[in-house]
Amino acid sequence: MESQGARILSVDVGSSSVRAELYDDVGDNVEGTEVKLDYEFEYTADGGAEKDAVELLDLVVRAIDGTLSQAGGVVISGVAMSTFWHSVLGLDRDGRPTTPILTWADRRAAECVPDLRERLDERANHRRTGCVPHSSYWPAKLLWSSCAFPEAFEKTERWVSPADFFYARFFGEPYQVGTSMASGTGLFDQNRRRWDRETLEALPAQEAQLSAISDEPRRGLAGEWTERWPALRETPWLPAVGDGACSNVGSGCTGSDRLALMVGTSGAMRVLWKAEFVEIPDGPWCYRADAERYVMGGALSDGGNLIEWLRDTLRLPDPEKTEELLSDMEPDSHGLTFLPLLAGERGPGWADRANGTVSGLSMTSKPVEILRAAMEAVAFRFAIIAEMIDTASPGEKEVVASGGGLLNSPTWTRIMADTLGRPITLSGVKEASSRGAALIALEALGGPEIEAAQAPLGETFEPDPSRHEIYTMALERQRRLYDTVLGGS
């Protein structure tokens, strides 16, 4: 199928909303077709971060309904999907959930990580799977689930990603998962492109319980869906792709000369490139965008979610006024050292049981100073990730920023540029993950390779050398606090 004149329905299942929108044959969004439905993970006091699978499916269905109702009878050439990586749920023999979706943010499996490290050769495992023993990945979640939900675990016939569950409802069996979603589980051999048998041998799960890995589109909606969505009855649905990879593609970061910096609910810094094989170095994680492309980097569990929590908790003024107050402050003028690890640490140190720490608080500390310290602290963690990526992937890289955290705060973007000591250019794409999924689908349908797609760019923020020097010293202070608080973890 040729992509010229194509219309792609892109569904983006993020950590705080589900979006659906149409894109044209060059990856531009079709105005008036976007539907956005907000939701939240269900957090528990013991570190849980779940979502009911049927409720999330309902949001996906409603988003698709909304976009189709606004499509005006346009012929849709393909359906693309971007979903958050690393999350898993169990299904019984009838395809009904036996567990909630255990999301990437669920930290309860941390208690099983020491056991997992004893079962695995950690370094060899990382070189195969691109992942380390950590609560965000499937190995720890499966080990923990076998103890935390023994009855549900016993009833579970399959362990799937949320997208596998959606597609099985829409098309029936067999259960399939694309290369990209499989690559973020911690159970996937990145170079051999198969489930990693050595890891599975250490777990109370079998390969037969996992979805078949396939990048072939699904066609032929089943049952009620043929009547509900007649326009999609024989439309090819491309396998879901990890949202991080989609974000790189959507913002034009599809080569080793561009570094994607994303701050949404969480945060990540990634480089994506095409290769037949990769030697996975110590430090960064490594997943796949598809069968031909790798994506490597580091991620933070605290990003926009931390800033929103502080806004609510500290009862700060409205966003416009807060931005004004933040911009008037000098760098590191608050006297605070902040470890932005309230949701745990995924990178760069993988301290699974980490929590947030603020040092230097006094009776004179103001709410906006705490917020500014948090923004700077997140930038410091990105600086460490950037060092790691530069070692793993040498060469000059243009930094392109996306995600609401930076696109909506020039002050935070300046902090990032000054901390990294390199220019940061804002992406001109509003929804990079959604657009990226559409571009990947267009390529699969016979269109141009994603590397040829042009992505609009916005303002460039140049670093200030004097501020960079201040932030370099503040980063060292944060490193010392990290070693003091977490050195033994």
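Residues numbered from 1 in each chain as written. Predicted model: local features only at pLDDT ≥ 70, side-chain atom pairs only at ≥ 80, totals over all residues. Heavy atoms only, no water.

Turning our eyes to something else, we now look at helix 6 (residues 162-171). Taken across its ten residues, helix 6 has nine buried, putting it largely inside the fold. For helix 6, the set of buried residues is Pro162, Ala163, Asp164, Phe165, Phe166, Tyr167, Ala168, Phe170 and Phe171. Of the residues one or two after helix 6, Gly172 is the one with positive phi, at around 80°. (Buried < 20%, exposed > 50% of the residue type's maximum accessible area, 1.4 Å probe, protein only. Helix = DSSP H or I, 4+ residues; strand = E, 2+ residues; numbered from the N terminus.)

This brings us to the packing of aromatic side chains. Inspection of every chain in the model, using the stated rule, returns 22 aromatic pairs. Between Tyr167 and Phe171, the aromatic rings sit 6.0 Å apart at their centres with planes inclined by 55°, giving tilted as the arrangement. Placement of both Tyr167 and Phe171 in helix 6 is noted, with a separation of four residues, approximately one turn of the helix. Accessibility expressed as a relative area gives 5% for Tyr167, which makes it buried. An aromatic cluster is present here, built from Tyr167, Phe170, Phe171, Trp225, Trp229 and Trp237 joined pairwise through their rings. Lying over the aromatic face of Tyr294, Arg288 brings its terminal NZ or CZ to 4.0 Å of the ring centre. (Phe/Tyr/Trp six-rings, centres within 6.5 Å; stacked < 30°, edge-to-face > 60°. Lys NZ or Arg CZ within 6 Å of the ring centre and 35° of its normal.)

As a further point, take the nonpolar core. By size, the foremost hydrophobic cluster in this structure holds 99 residues, and its most contacted members are Phe166, Phe170, Trp229, Leu232 and Trp237. Of the residues forming this core, the biggest block, nine residues, is contributed by helix 1 (residues 53-70). (Core = buried A, V, L, I, M, F, W, Y, C linked by side-chain atoms within 4.5 Å.)

Across all of its chains, the model carries five cavities of 30 Å³ or more by this definition. Here the largest cavity defines a volume of roughly 100 Å³. In terms of lining residues, the largest cavity is bounded by 14 residues, among which Tyr167, Gln176, Gly178, Pro239 and Ala240 are the most central. Listing elements by their share of the lining of the largest cavity, those giving two or more residues are helix 6 and strand 10 (176-177). The biggest single contributor to the lining of the largest cavity is helix 6, with three residues. (1 Å grid on protein atoms, 1.4 Å probe; cavity = no way out; pocket = protein on both sides within 12 Å on 5 of 7 lines; lining within 4 Å. Points joined across faces, edges and corners; volume = space filled by probe spheres on them.)

On a regular strand, one side chain projects to one face of the sheet and the next to the other, so that they alternate. Residues Val35 and Leu37 line the buried face of strand 3 (residues 35-38), whereas the alternating positions Lys36 and Asp38 sit on a face that is not buried. As paired strands, strand 2 (residues 17-23) and strand 3 are joined by four bridges and run antiparallel to one another. Each bridged residue has a counterpart across the sheet, and for Val18 the counterpart in strand 3 is Leu37. (Pairing = 2+ DSSP bridges.)

Packing of helix 13 (residues 367-392) against helix 15 (residues 410-420) brings their axes to within 9 Å, and their N-to-C directions diverge by 40°. The angle between helix 13 and helix 15 places the two elements in the oblique class. Relative to helix 15, the crossing made by helix 13 is right-handed. Between helix 13 and helix 15, the residues in contact are Arg372, Met375, Glu376, Val378, Ala379, Phe380, Phe382, Ala383 and Ala386 and Thr411, Trp412, Ile415, Met416, Thr419 and Leu420, respectively. When grouped by side-chain class, the residues that make up the contact of helix 13 with helix 15 number eleven nonpolar, two polar and two charged. (Axes fitted to C-alpha atoms, helices over the stretch in contact; angles between N-to-C directions. Parallel < 35°, antiparallel > 145°, perpendicular 65-115°, else oblique. Left-handed = near helix turned anticlockwise from the far one by under 90°. Contact = heavy atoms within 4.5 Å. Nonpolar A, V, L, I, M, F, W, Y, C, P; charged D, E, K, R; others polar.)

A few words now on the sheet that holds strand 15 (residues 258-263). Within the open sheet, the seven strands sit side by side as 17-18-16-15-21-22-23. Their pairing is mixed. The sheet is open, and its two edges are formed by strand 17 (285-288) and strand 23 (457-461), each paired on a single side. Geometrically, the sheet is characterised by an average inter-axis angle of 30° between neighbouring strands, direction not taken into account. Pairing between strand 17 and strand 18 (residues 293-300): four bridges, direction antiparallel. Note on strand 18: the bridge partner recorded for Arg288 is Tyr294.

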